[in-house]
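# Observations on chain architecture
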Amino acid sequence: MSGLFCVGVLLLSSCCLWAGPALGTLVISRNDEAPQDTRRIARSLQKRSTNEMMVEVHSVIVDCTVTSRFAHTVMTSVALNKASVSQEIFFEVELPKTAFITNFSMEIENKFYVGEVKEKEKAKKQYEKAVSTGQTAGLVKASGRKMEKFSVSVNIAAESNVTFILTYEELLQRKLGLYEIMTRVKPKMLIQDFKIVTNIYEPQGLSSVDAHATFLSNDLLPLVEKTVTDKKARISFSPTMDQQRKCPGCDGTLIDGDFIIKYDVNREKNIGDIQIANGYFVHFFAPPALPRVPKNVVFVIDVSGSMFGTKMEQTRQAMLVILKDLDEEDHFAIILFDDLIVVWKESLSKATKENVAEAMVYTRAISSGGSTDINGAVLRGTDMIIKDRRENKLPERSTDMIILLTDGMPNSGVSDIGSIQENVRSAMGGNMSLFCLGFGNNVDYNFLDVMSQQNNGVARRIYEASDATLQLQGFYDEVSSPLLLNVDLRYPDSAVNFLTTNNFAQLFNGSEIVVAGRLMDNDLDNFLVEVLGRGFEEDYKVEGQATAQDWTAVYPNDDYIFGDFTERLWAYLTIQQLLEKSKSGNADEKANATAKALEMSLEYSFVTPLTSMVVTKPETEDGLVDLLIADKLTEAQRQKAETMAYRYPSPSYSYSAPAFVDGDPHFLIELPDRDDALCFNINDKPGTIFNLVRDPESGIQVNGQTIGDKKISPNGDINTYFGRFGIVHQTLGVRLEVNTEEILVFQDNKQVKLLWSDAAALKGINVDLLVTKDRSLTVTLKDSVKFVILLHKVWAKHPYHRDYLGFYTLDSHLLSPSVHGLLGQFYHGIEYEVTGLRPGEVPEKPDATMYVKGHELNVTRGWQRDFSRDVKNGESVPCWFVHSNGTGLVDGLVTDYIVSGVFTTN
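So, here's what we can say about the structure. For every chain, the first residue of the written sequence is number 1, and numbering continues from 1 onward in sequence order. Totals for whole chains, interfaces and linings use all residues, but because this is a predicted model, local features are given only for residues with pLDDT of at least 70 and pairs of side-chain atoms are given and counted only at 80 or more. Side-chain metrics in this entry use all non-hydrogen atoms of the structure; hydrogen atoms and water are not considered.

### Describing the pattern of salt bridges
- Salt bridges are identified by distance alone: a Lys or Arg side-chain nitrogen within 4 Å of an Asp or Glu carboxyl oxygen. For the structure on display, the rule yields 36 salt bridges.
- E512 is paired through a salt bridge with R267; the nearest N and O atoms lie 3.2 Å apart. With E512 in the loop between β30 (503-508) and β31 (513-519) and R267 in the loop between β18 (257-265) and β19 (273-277), this pair connects stretches of sequence that are 245 residues apart.
- Residue burial is assigned from relative accessible area. The probe radius is 1.4 Å, only protein chains are included, and a residue is buried under 20% of its type maximum, exposed over 50%, and partly exposed in between. Owing to a relative accessible area of 15%, E512 belongs among the buried residues under this scheme.
- Exposure remark for R267: the relative accessible area of 17% places this residue in the buried category.
- A salt bridge links E346 to R380; the shortest N-O distance between them is 3.2 Å. On the criterion of sequence distance, the pair formed by E346 in the loop between β23 (341-343) and β24 (349-350) and R380 in helix α6 (residues 374-390) is long-range, its members being 34 residues apart.
- Connected via shared salt-bridge partners are R69, R174, E202, D264, R267 and E512. Where helices and strands are cited, they refer to DSSP runs of H or I of at least four residues and of E of at least two residues respectively, numbered from the N terminus.

If you want it as C-alpha cells, here you go:
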C-alpha cells in the first residue's frame, strides 16, 4: 500500500515508501541485469544525483477501502521535474504477495498510459519483440520474505509532472484472531501532501481496531486520527512537511517504518456472516467460544548435516517452547531423521507435565549429522498414528497431524519427489493433516507445498535469520488449537452455483473460513445455509436463512463503498484456489484448473502467475517506445530468485545488535529486513581513538582506542584491536571507562571501580552494569540504549597478542535520528543494491558491484566473526565486505572519526 519517488537511485532497497497488508509482494523494475547496463546506470546515477533537489514530490497518497475483509488499495503519487532539462523519475512500491495488481497508469502532460493485463505467454512474446527492436523491458523482483517491489521509471520533460496510480486488491486473512493491514513508509524525503487513509466497512460490527507505527514519536502520535463506530472505522495519518522533519530546517524525514492497523469483528454463535450484493454472496464463518479439539501431533525433525549449528539451535529453542504449550489432552511424538530414523518413543505420549519435561530433556540433546530420508521419516510418523488409532490409544474425537521440518532435498532412501508424494498421500489416506516447514533456500518448496495440499495441510517457508525460532513458534500457534473437524458449509443447489471450496479438514482458533459463490436468482426465500462439523464433545450443526442487507441503510452517509466487492472477492478466491489445484492432481485436472484460472484472471484484470501487465511508456528522445512488464511471482519463483541473487541469511544472535565491532577491528552492520550484512575493517596505528557512536540529542558518546600487538609478527603484520572504550551520557552525567583490566564508573564526582576478574552487578538511578566474570559487561543507560562489551582473554605468555575488547549494541531504537559515528550512522539502516555477482580472487569469496550512497563499489562476499554467543571461538557471519576502510559505505573518510580522547564529545 504505498508509493514513492526516488531520483538518482535505481532499485536501492528501502528508498521508497512501502505499504501492504502483512504478507507478500510484487515487483516491476527496469531491466538492469546486463553488465553493460549496470555500468551505464551507475554512471547516470551519479550524474543525476546533482539534480535530486530539482524534483518536487508533490504528493504520496495511500487510499485503502476494506469492505468485509476485501481490501481495495489505490496508491497515487505526483512529482514535478523542476529542472531545465528532462530527467528520469522513479516510482517504487511494495505490495503483499497475496495481492493481485488490477491497474497501473501514468498521466504525463495530460496523456494517460494504462497497463493492460495479458496472458503471460502473449506478454512474453510482446516483450521479446520489444527487446529485438532495441527497446527496454521491465522485470519482477522479490524483496525480502514478505514484499516484492513494483518499480518503474519514466523520463519527464523539463518543468513537467507525472502522476502514478497503482491499484491492487486482496482478501485479508484472519490470523491469531486479527486482520492486519501494514503500510511500510520509507519516503527518505519530505512530501508536500503525504497521506495514509484506510476506511473499514464491516457489517458484522467492529470488536476492536488498533493503529500504531514503529516510527511514531510523542509529537507524531496525535496525528494518527482514528474514528470508530459500530460498523465503520476510519484511520488517517497526514503529517505536514514540518511535522515530517527530523529537525527544524533540515530535509531529513522522521517517517521511516511500518504503519500497522489490526482489527477484528463481532461474532455470534450462528451460521456466521453472509454478505449478498450484485448477484454474489460471501460467507464468513468463525464461531466464538468453541472448546478446542485435542490434537495428536508428531514432530518430524530433520537433523541431517545441513542443519548443523544455528538452524539446529533455533529448532531446539522453538521445540522447547512448543512442547510447553501443549495441552494436557494432546498427544505427541518426536521423530528425528537424517539417513537414520530415530523415535523418542514408539507411541504417542499424552502431554502430561512429566512427559513434556522428559521430552524437553530429549530435545536439548538433539544433534545433527548425516543425509536426508524424508520419505521414511514421514511414513514412520504416519504408521505411528495409525497404530495408536487402531489400538485405541488416542481420543476418538481428536485430530491427527504431522509437522515436518526440513532444510534440504531427500537424498537417502526414496529420493524421487513424485514417489514420496504418492507414498505419503496413500499412507495418510485423507485421515490426517501434514504441515511442511521448509527451512532455508536449499529445500524444494514446491515439493513440500504440493505434499501438504494433498494431505489437508499447508506449507510454510522458514527463513534463515535471527528470528527463525519465532517463525517456527508463530506457525505452530496458528495450527495448535483446532476447534472443528471436517467442516462442511452447505447451500441449496437450486440457489447458488460456482461455489469456492466449501469443505475444510479443520477450523483453527483465530482463523476464519470464507466461501463465496454466485446466486442463480434473487429469490432468497430458499437460501437455507447449514454448517456441519465435528467438535470436541459432540457434532456441530447450525442452520439459518441468509438475507441480504440494505447497504444504503447500514451506511447512509457513504455514497460509494466499492459496491461490486462480492463478485471480485469471489473471483479473487476462486483464482487463488484454482492456482493451488493446478499444482496437484492428474494432468487433466491441472490443465483444467490452469485454463479456468487464466480465463478469470483476464476477465477480472488480475495480475496472477498466469498473466502479466504490459505498460507502454512514452517515446524517448530517440523515438523508441519503452515496454514494461509486471509479473506475479509464485513462492517457488521467489525462492529461486533469492537464491540466484546470492542472498545470504543472517545468523542467529544472542543479542539483536544492528552493528558491532570486534577483532582486528572488524565492523559489521546487520540488516535483518534484508537477511544480509555489510562489513569493513579499519586499519590505523595503535593508540588511535575513533568515535563509534555520537547522539547530540540524547548526549550519548562512545569512543574507542586501539591497541597493537606486543610486537610485530615475523610476516610484518601490525594487528590492532580495541583495548579501551569511553562511554559518556552528558544528560545523565555518567561516564564509563572500560579497558582490558577494569571498569571505571564516574558520576556525581564519585568513582566506582569494577574488575573483570569478579562477577558484579551495579544498579543505579541512571545506569545499570552487569559484569560476567572475564567475559562481558552489559551497560544499560536509562531510557536510551544498551551496549555489551566483550573481553577477549589471550594466553598471557603469547609472544604477540594481548587481551582486547569487542563492542556490541543490544538496543538502539531509542536513539535519535541524528545518531552518527562509525557504528551509529548505521543504526537506522542503509540503502544499497548488489548486482553483477562474479568470481573473485578466492573461489569461495565472489566479488560483486554495490550501489550505495551514490557510489559504485567493488565488494567481496566474506566472513566476519561474531563473538556474542561464544567469546572464545565466535561464529562466522556472511557479509558483503567493503574494501579500503569502508570507503564509500562510511560517510566521509575514516580519519573524520578520529578524536583526541576517549571522553571527547565534540
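### Some remarks on the environment of P395
- Structurally, P395 can be placed in the loop between α6 and β25 (399-406).
- Separated by 100 residues in sequence, P395 and K295 have C-alpha atoms that sit 8.9 Å apart.
- Contact criterion: two residues are considered in contact whenever any of their non-hydrogen atoms come within 4.5 Å of each other. Not counting the four nearest positions on each side in its chain, P395 is found in contact with N296, H331 and R389.

### A closer look at the side chain of S412
- The topology assignment puts S412 in the loop between β25 and α7 (417-428).
- The exposure class assigned to S412 is buried, which follows from its relative accessible area of 14%.
- Apart from residues lying up to four places away in sequence, S412 is in contact with D339, S371, T372 and D373.

### Comments concerning the nonpolar core
- Here the nonpolar core consists of buried residues drawn from Ala, Val, Leu, Ile, Met, Phe, Trp, Tyr and Cys, with membership extended through side-chain atoms lying within 4.5 Å. In terms of nonpolar packing, the biggest core is built from 58 residues, with F104 and F237 touching the most fellow members.
- Here this core gets six residues from one element, more than from any other, and that element is strand β3 (residues 55-67).
- If near-sequence neighbours (up to four positions away) are discounted, F104 is found in contact with F91, Y113, V114, G115, F150, V152, F164, I165, L166, M613 and V615.
- Among the nonpolar cores identified, the runner-up in size contains 56 residues, and V661, V693, L754 and L889 belong to it.

### So, the state of the cysteines
- For the purposes of this analysis, a disulfide is any pair of cysteine sulfur atoms at a distance within 2.5 Å. Across all of its chains, the model carries two disulfides by this definition.
- The disulfide bridge from C679 ends at C879, spanning 2.0 Å between sulfur atoms. Its S-S torsion of about 70° marks the bond between C679 and C879 as right-handed, since a negative value means left-handed. With a gap of 200 residues between them, C679 in strand β38 (residues 676-681) and C879 in strand β53 (residues 875-882) connect regions that are remote in the sequence.
- Disulfide connectivity for the chain, with bonded cysteines indexed by sequence position, reads 1-2, 3-4.

### Quick notes on helix α12 (residues 587-603)
- The first and last C-alpha atoms of α12 sit 24 Å apart over 17 residues, in line with the 24 Å expected at 1.5 Å per residue.
- Listed as buried for α12 are A593, A597, L598, M600 and S601.
- Polar contacts, as used here, are pairs of N or O atoms within 3.5 Å; protein pairs need one atom able to donate a hydrogen and one able to accept it. Residues neighboring in sequence count only if both atoms are side-chain atoms. The backbone nitrogen of D588 has a side-chain oxygen 3.1 Å away, supplied by the residue at the start of α12, namely N586.
- Of the residues flanking the end of α12, it is S605, one or two places downstream, whose phi is positive at about 55°. To estimate the expected span of a helix, count its residues, drop one, and scale the result by 1.5 Å.

### Observations concerning the packing of helix α11 (residues 565-581) against α12
- Closest axis-to-axis distance for the α11/α12 pair is 8 Å, and the angle between their directions is 150°. Considered as vectors, α11 and α12 are oriented roughly antiparallel to each other. Crossing of α11 against α12: the hand is left-handed. Taking contact as the criterion, the partners of W570, A571, T574, I575, L578, L579 and K581 in α11 are, on α12, K590, A593, K596, A597, M600 and S601. Geometry is summarised by axes, namely lines fitted to C-alpha atoms with helices restricted to the contacting stretch, and by angles between N-to-C directions that run from 0 to 180 degrees. Should an angle lie under 35 degrees it is considered roughly parallel, over 145 roughly antiparallel, and from 65 to 115 roughly perpendicular; all remaining angles are considered oblique. Less than a right angle of anticlockwise turn of the near helix away from the far helix marks a crossing as left-handed, whereas a clockwise turn marks it as right-handed.

### Considering the side chain of T706
- By secondary structure assignment, the location of T706 is in strand β40 (residues 700-708).
- Of note is the side chain of T706, whose polar atom sits 3.4 Å from the backbone oxygen of K685.
- Once you skip the residues sitting within four places of it in the chain, T706 turns out to touch K685, P686, G687, T688, F690, T720, Y721 and F722.

### Here's the deal with the sheet that holds strand β29 (residues 496-497)
- When DSSP locates at least two bridges between a pair of strands, those strands are taken to pair. Spatially, four strands are ordered β19-β20-β31-β29 in an open sheet, and the strand pairing comes out antiparallel. Looking at strand neighbours, the two that pair on one side only are β19 and β29, the edges of this open sheet.
- Relative to β31, strand β20 (residues 280-285) runs antiparallel, the two sharing six bridges. Along β31, the bridge assignment pairs F281 with G517.
- Taken strand by strand, α11 contacts β19, β20 and β31, and its axis lies near 70° from that of β20.

### Focus on the packing of aromatic side chains
- Aromatic rings from Phe, Tyr and Trp, taking only the six-membered ring of Trp, are treated as a pair when their centres fall within 6.5 Å; an angle between ring planes under 30 degrees marks them as stacked, one over 60 as edge-to-face, and anything in between as tilted. Applying the stated criterion across every chain, the model contains 34 aromatic pairs.
- On the basis of an interplanar angle of 25° and a centroid distance of 6.0 Å, the ring pair of F91 and F104 is categorised as stacked. Here F104 lies in strand β6 (residues 100-108) and F91 lies in strand β5 (residues 87-96), a separation of 13 residues in the sequence.
- Ring centres of Y604 and F606 lie 6.4 Å apart, and the angle between their planes is 20°; this geometry places the pair in the stacked category. Comparing Y604 with F606, the two get one shared label, buried.
- Aromatic rings pair up to connect F70, F100, Y280, W570, Y572, Y604 and F606 into one cluster.
- Across the ring face of W880, the terminal group of R861 is positioned such that the distance to the ring centre comes to 4.6 Å. Whether a charge sits over a ring depends on NZ of Lys or CZ of Arg being within 6 Å of the ring centre and within 35 degrees of the ring normal.

### Details of the environment of H212
- Mapped onto the elements of the fold, H212 is located in strand β15 (residues 206-213).
- Once the C-alpha coordinates of H212 and F259 are considered, the two residues, 47 residues apart in sequence, prove to be 6.0 Å apart.

### Here's the deal with the environment of L290
- Mapping L290 onto the fold places it in the loop between β20 and β21 (295-302).
- C-alpha separation for the pair L290 and L483, spaced 193 residues apart in sequence, amounts to 6.2 Å.
- Excluding its chain neighbours within four sequence positions, the residues that come into contact with L290 are L483, L484 and Y540.

### Description of α11
- Along its 17 residues, α11 runs 24 Å from first to last C-alpha, staying within 8% of the 24 Å computed at 1.5 Å per residue.
- Of all 17 residues making up α11, 13 are buried, and the element is well covered by its neighbours.

### Some points on the pairing of strand β7 (residues 111-114)
- Both β6 and β7 contribute to a ladder of four bridges, which runs antiparallel. Considered in β7, the bridge of I108 is made with K111.
- Remark: two residues form the turn of the hairpin made by β6 and β7, two consecutive strands paired antiparallel; E109 in that turn has positive phi of roughly 50°.

### Points about the sheet that holds strand β13 (residues 179-185)
- An order of β13-β18-β15 is seen for the three strands of this open sheet, with the pairing classed as antiparallel. The open sheet has two edge strands, β13 and β15, and neither has a second partner. Within this sheet the neighbouring strands show an average axis-to-axis angle of 10°, counted without direction.
- Alignment of β13 against β18, held across seven bridges, turns out to be antiparallel.

### Concerning the pairing of strand β26 (residues 433-439)
- The buried fraction of β26 is high, at seven of seven residues.
- Of the two faces of β26, the one carrying S433, F435, L437 and F439 and the one carrying L434, C436 and G438 are both buried.
- Where β25 lies against β26, six bridges are found, and the strand directions are parallel. Counterpart to L405 in the pairing with β26 is L437.
- Looking down the strands as they point away from the viewer, one classifies a crossover as right-handed if the path from the first strand across the helix to the second runs clockwise. In this fold, the crossover linking β25 to β26 by way of α7 has right-handed handedness.
- Here four bridges tie β26 to strand β27 (residues 459-462), and the two strands are oriented parallel to one another. Bridge pairing links C436 to A459 in β27.

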